[in-house]
Structures are given as C-alpha cells and as structure tokens.
Amino acid sequence: MAGRPALVIRGGTVVTAADTFRADIGIRGGRIATLASELPGATEEIDARGLLVLPGGVDAHCHLAQPSYGGVTCADDFESGTISALCGGTTTLMPFATQVQGQPLRETIADYHARAQGKAASDYAFHLILTDPSPQVLGQDLPALIADGYTSFKLFLTYDGFRLNDSEILDILEVSAEHGALVMVHAENHDCIAHLSERLVRQGKTTPANHGHARPQVVEREASHRAVSLAEVAGAPLFLVHVSAGEAIEQIAWARARGLPVFAETCPQYLFLSQDDLERPGFEGAKFMCSPPPRDRANPETLWRALQNDLLQVVSSDHSPARFEGSDGKKAHGEDAPFTEIANGVPGLETRMPLLFSEGVNGGRFDLCRFVGLTATNPAKIYGLYPQKGTIAVGSDADLVLWDARREVTITNAALHHNVDYTPYEGRRVTGWPVRTLLRGRTVWHDGAVDARPGEGRFLPCGTPGPILEQRARAS
Ligand code: MN
Ligand code: MN
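Residues numbered from 1 in each chain as written. Chains lettered and ligands numbered in written order. Predicted model: local features only at pLDDT ≥ 70, side-chain atom pairs only at ≥ 80, totals over all residues. Heavy atoms only, no water.

Asks: Would you take a moment to explain the overall build of the protein for this structure?
Replies: For the protein, the count of helices and strands is 14 helices and 18 strands. Its C-alpha atoms give the protein a radius of gyration of 21 Å, near enough to 23 Å, the size a compact globule of 476 residues would have. Dimensions along the principal axes, computed over C-alpha positions, put the protein at roughly 70 × 50 × 40 Å. Counting the 476 residues in the protein, one finds 62% classified as buried. In the protein, 77% of the contacts between residues at least 6 apart in sequence involve partners at least 24 apart. Of the charged side chains in the protein, 43 are positive and 57 negative; the average position of the first set lies 4 Å away from that of the second. (Helix = DSSP H or I, 4+ residues; strand = E, 2+ residues; numbered from the N terminus. Rg over C-alpha atoms; globule rule 2.2 N^0.38 Å. Buried < 20%, exposed > 50% of the residue type's maximum accessible area, 1.4 Å probe, protein only. Contact = heavy atoms within 4.5 Å. Lys, Arg positive; Asp, Glu negative; His and termini not counted. Charge placed at Lys NZ, Arg CZ, Asp CG, Glu CD.)

Asks: In this structure, what is going on with the coordination of the manganese ion (ligand 1)? I would like to understand it.
Replies: Each donor-metal-donor angle would ideally measure 109.5 degrees in four-coordinate tetrahedral geometry, or 90 or 180 degrees in six-coordinate octahedral geometry. Around the manganese ion (ligand 1), the protein contributes the donor atoms Lys154 (NZ), His186 (ND1) and His242 (NE2), which lie 2.2 to 2.3 Å from the metal centre. For the manganese ion (ligand 1), the donor residues sit on a single chain with the sequence spacing K-x31-H-x55-H. In this model, the manganese ion (ligand 1) sits 3.7 Å from the manganese ion (ligand 2). Taken together, the residues histidine 186 in strand 11 (residues 182-186) and histidine 242 in the loop between strand 12 (238-240) and helix 8 (246-257) connect sequence positions 56 residues apart. (Donors = N, O, S within 2.8 Å, 3.2 Å for Na, K, Ca; no water.)

Asks: Would you mind showing me how to read the nonpolar core here?
Replies: Burial of nonpolar side chains together is a common tendency in soluble globular proteins. Within the largest apolar cluster, 110 residues are counted, with the highest numbers of intra-cluster contacts made by Leu128, Leu238, Leu240, Leu307, Leu312, Leu356 and Phe371. Looking at this core, the element that brings in the most residues is helix 7 (residues 217-234), giving six residues. Once you skip the residues sitting within four places of it in the chain, leucine 307 turns out to touch Thr266, Leu271, Leu312, Val315, Leu356, Phe366, Arg370 and Leu374. Core analysis: the next-biggest nonpolar cluster, separate from the first, contains 20 residues, Ala60, Ala125, Phe156 and Cys462 among them. (Core = buried A, V, L, I, M, F, W, Y, C linked by side-chain atoms within 4.5 Å.)

Asks: How should I be thinking about the coordination of the manganese ion (ligand 2) in this particular structure?
Replies: Coordination of the manganese ion (ligand 2) by the protein comes from His61 (NE2), His63 (NE2) and Asp318 (OD), over a distance range of 2.1 to 2.2 Å. For the manganese ion (ligand 2), all donor residues lie on one chain, and their spacing in sequence is H-x1-H-x254-D. For aspartate 318, a relative accessible area of 8% gives the class buried.

Asks: I would appreciate a short explanation of the side chain of serine 152 in the present structure.
Replies: Tracing the backbone shows serine 152 in strand 10 (residues 152-156). There is a polar contact of 2.6 Å between the side chain of serine 152 and the side chain of histidine 127. (Polar contact = N/O pair within 3.5 Å; in protein donor to acceptor, adjacent residues only side chain to side chain.)

Asks: I keep staring at the pairing of strand 7 (residues 90-98) and nothing clicks. Help me out?
Replies: Sheet faces and side chains relate simply in a regular strand, where the side chains alternate between the two faces. Counting buried positions over the nine residues of strand 7 gives nine, a clear majority of the element. The parallel pair strand 6 (residues 57-62) and strand 7 is bridged by helix 1 (residues 78-87), and the resulting crossover is right-handed. The pairing of strand 7 with strand 8 (residues 123-124) spans two bridges and is parallel. Opposite threonine 92, over in strand 8, you have aspartate 123 as the bridge partner. (Right-handed = clockwise from strand over helix to strand, strands pointing away. Pairing = 2+ DSSP bridges.)

Asks: Just to check I follow, could you spell out the packing of aromatic side chains for this structure?
Replies: The relative placement of two aromatic rings is captured by the distance of their centres and the angle of their planes. Inspection of every chain in the model, using the stated rule, returns 19 aromatic pairs. For the ring pair tyrosine 124 and phenylalanine 459, a centre distance of 6.1 Å and an interplane angle of 55 degrees mean the geometry is tilted. With tyrosine 124 in strand 8 and phenylalanine 459 in the loop between strand 18 (449-450) and helix 14 (466-475), this residue pair connects regions lying 335 residues apart in the sequence. A connected cluster of aromatic rings, assembled from ring pairs, spans Phe78, Tyr112, Tyr124, Phe126, Tyr150 and Phe459. A cation sits over an aromatic face here: arginine 115 above tyrosine 112, 4.9 Å from the ring centre. Between lysine 154 and the ring centre of phenylalanine 96, over which it is positioned, the NZ or CZ distance is 5.2 Å. (Phe/Tyr/Trp six-rings, centres within 6.5 Å; stacked < 30°, edge-to-face > 60°. Lys NZ or Arg CZ within 6 Å of the ring centre and 35° of its normal.)

Asks: Would you mind showing me how to read the confidence of the model for the protein here?
Replies: Should pLDDT be low for a region, the predicted coordinates there are not to be read in detail. In this model, the protein carries an average pLDDT of 95, and 97% of its residues clear a pLDDT of 70 or more. Per-residue pLDDT stays below 50 along residues 472-476; that stretch engages in four contacts with residues further than four places along the chain or on separate chains. (pLDDT = per-residue confidence, 0-100.)

Asks: Would you take a moment to explain the pairing of strand 6 for this structure?
Replies: With six of six residues buried, strand 6 lies mostly within the body of the structure. Judged from the four bridges that link them, strand 6 and strand 7 form a sheet pairing that is parallel. Its bridge partner lying in strand 7, valine 58 is registered against threonine 92.

Asks: I keep staring at the packing of helix 2 (residues 105-116) against helix 3 (residues 135-147) and nothing clicks. Help me out?
Replies: Helices that pack against each other are described as a pair by the angle of their axes relative to one another and the distance between those axes. Running from N to C, helix 2 and helix 3 cross one another at 35 degrees; their axes reach a closest spacing of 10 Å. Of the residues in helix 3, those in contact with Leu105, Arg106 and Ile109 of helix 2 are Val137, Asp141, Leu142, Ala144 and Leu145. (Axes fitted to C-alpha atoms, helices over the stretch in contact; angles between N-to-C directions.)

Asks: Explain the pattern of salt bridges here, please?
Replies: Two side chains that carry opposite charge are able to pair once their charged atoms sit near each other. If you walk through the whole model with that rule in mind, you get 32 salt bridges. Arginine 10 is paired through a salt bridge with glutamate 45; the nearest N and O atoms lie 2.6 Å apart. Of this pair, arginine 10 sits in strand 1 (residues 7-15) while glutamate 45 is found in strand 4 (residues 44-47), placing the two residues 35 residues apart along the sequence. Looking at glutamate 45, the relative accessible area reads 37%, which means it is partly exposed. Here arginine 370 makes a salt bridge to aspartate 310, at a shortest N to O gap of 3.2 Å. Taken together, the residues span a long stretch of sequence, with arginine 370 in helix 13 (residues 368-382) and aspartate 310 in the loop between helix 11 (299-309) and strand 14 (314-315) at a distance of 60 residues. Here the salt bridges do not stand alone but share partners, grouping Asp123, Lys389, Asp397, Asp399 and Arg440 into one network. (Salt bridge = Lys/Arg side-chain N within 4 Å of Asp/Glu carboxyl O.)

What follows is the structure, given as structure tokens:
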C-alpha cells in the first residue's frame, strides 16, 4: 500500500498543457505520488491557496560554461546558470556540449559532464553541437550516443569553425532519422552575412546597430528554407532554433502545410526587443546584440501569432551570457570595436517565464495551458524528457513552480542571480512571478530566498523525440 505523502501542496490551481484544475499534490521520494481534490495531512505542507501550480520550466536552449572565444568568457557556469534558472521557475536546462573540430564526441561529452559535475543545481540534459561529421562520428559515435540519451544535435549554417556544408548536414539528418534523434539548425546564410558585414565596415558603419543591418530577415529566411528542404530530402524531422522573424515563420508555415515534421522555437529577445534597442546611443546597443538580431518594432506581433497558431511550439531563452563591462565581455575590444568583433548573445534564463507570462497570459494572447506547453511540456516532449519532466502527473518528478499571477515586479539586474552585469529587460514591469520553486520535491527558491545546492542537479538522458515520431507515423 502506498504510504502517506511526505509533502502536500494544498489548495493551489494546478495547470498542465491540457487542463487547469484545483487539486492538492502529494509528493513522495521526489515524485508526484497523488493528485486529489483534498488530501489528508502530511508531515510537511505548503499552502498554495491563491497561487498557480505549474510544472517546472524546461529551458531547451541555453549556453553554460562554454569555452571562451575571441577573449570573451561565458559568464555563467553550471552553478550560477542553474541557480538563476531555478529562481525564474525553470527546473530543467538543456545547454550545449560543443564538439571542437576533430574532437572525438565521447571526449566532448566527458568534458561537459566535468563542467556540470558538483555545480549544477537544476536537472539538465545536453544537446551536442556537431562541427565535424567524420565517418567515425556518423557511423559509430552518433548511433551509440543516441542510445545513451544524447538525442539532439545542433548544426550551424554560419560561423567559421562551426558551419557545415549541405552534404554534411544531409549525412547527419539521415543518421538522426534512422536512429531517432532530432537535428536543430541555426539558420542564417553565412556568405550573405560576411558580404553585408564587409560592405558595412568598408563604409565605416561599425556601431552595434549595424549588427542588425548585416543580418536582415532574408538571411534567416533563405537558410530556414534550405534547412527545411534538406530535412525533406533526408526524410528527417527538423527543429529550427531561435526563430526571430516573420519571413522565417512563413517558411515554417510552408513546410507544415506540406506535412513536414518541422518544429521551432522563439526567444524573449525577439518578442520584447527590437532594432531600436541596437540603436541605443554609444556602446549601449551592444547589450542587445544576439544572432539572429532583434527585428523591427512590428515583428513581435508575427511571433505572438505564431505562438498562438502552433507554428512555434517552444519558447527558450538562448541564454548566452557575456558581461557588458570588463576585458572579457562585450567591451573586450573596446567601445569603438566594429560590430563584427563584439560578442553576441543576451542573458535570459531567469526572465524567460515571467516575460512570457506577463505579455502572453496576462496580456490575453494565450491561456495558461498554452503557457505551460510553450515553457515546459512541449520542449520536454520534443526532446524526449516527457513525462518525467514538463508536466504535473502521478509518477512525474515533483518539479513545481508556485506562481503568483498578480505579483507586479520591475525587472532589475540587481535582483537576478546570473553572473551577467546587465539584463536587456532592465526597468521593464511585468505581472506574474514565481514565488516558490521545487526541484524533485525540495524547495530551492522561496520568496526571495535561494536554497539551491550545487551538485544536486541530475543529468537526464533523453529518449527518442516522441511527438515528432508520432507525427511522422501519421504522415506515412
Ligand atoms: Mn544559434
Ligand atoms: Mn544559442
């Protein structure tokens, strides 16, 4: 007979991607043991009356402890990054393990496990960034790694040292399709960016604002279409990361109208920032530089619509932490440095869920269920972590967020827990904030107090991406 739960969360409004209902949640051994309209008393009780109880967020795109490049240090390691995420209601992170060209993939994996070891305070899984699809990697390493729970690979169409050609991408897509993995693509046309950047620099147009002009929408649109087409040729599912713009959305709509299993995410920086931010005076615009760049002020509406229409299924942070001040951040090459030498990336682990909740749910753009789908359930399903993660159900990990839908907060970097010295959302007012986060049944964040423990986070092997295969089965 099942014993009494050790912990009961009482009187909250439980939200999943499918339903909103009043229930008590009984927790035992770090998992959800019971859900009932009223549970008997337990050793420990948490009063959730007046609060929403959401599945802990799954942030499926972030960068932690990656090696520095061009003199710029990744400001967050697994300790500061995971703690910041927990304070923002996110309990599972999916950072990247980046293969250095020529490096055996097992070495890459071991390297990143060492970086997380003893530091991660939230649970985590890895995506692999593939830069060198040798016959050994394709024929032996990838199939073995997929079986071990590394089931998503990010490929780049741009960046020297990262970008792959079409035939390399086709090879990886085919291996992924055959063994049940998912390819994620950073879709921007490399030669277009190089061409436009060179021209701008030649004309003396070197301020951060020109970062946006060097990467117009067409650059992303072409690469998105190419990625979709390569996936179609290979018969593979595809995930487009950090979709920034309406013209890329048009390519996704086109692909899905053809019945292709194409999935995609956007990020808060494309919903809340714009080219206007890149054009802030002096060097200030550098704070908003990321790739793809924030677009014009009208663009976010197209993204909100795509979130409503299910053309976008996931909202991730793409937390890419570079500090603003100092010799190892955005100012590494001085404030007169051309935009081509300024580190890309914006931070956002802790603000992802509050921003989306405030503008999405309280702004009347979608309901609570959709919010949970976008921030937790869909990424957990797409990357094979469901139902252990991403939902509230008997048997799932007790990763829970008690959310105050009415709390008004003015975002300030001073109140955040990352190791970055700015937030692009400084001074922005939001309504709705996580007041308590539980990781596998233990409170790690409550009313401004952090009780996260470095090393408590567990590595999560990923299964085969489920809903994607279902969709393929339906199509065939
Ligand atoms: Mn990228
Ligand atoms: Mn990224």
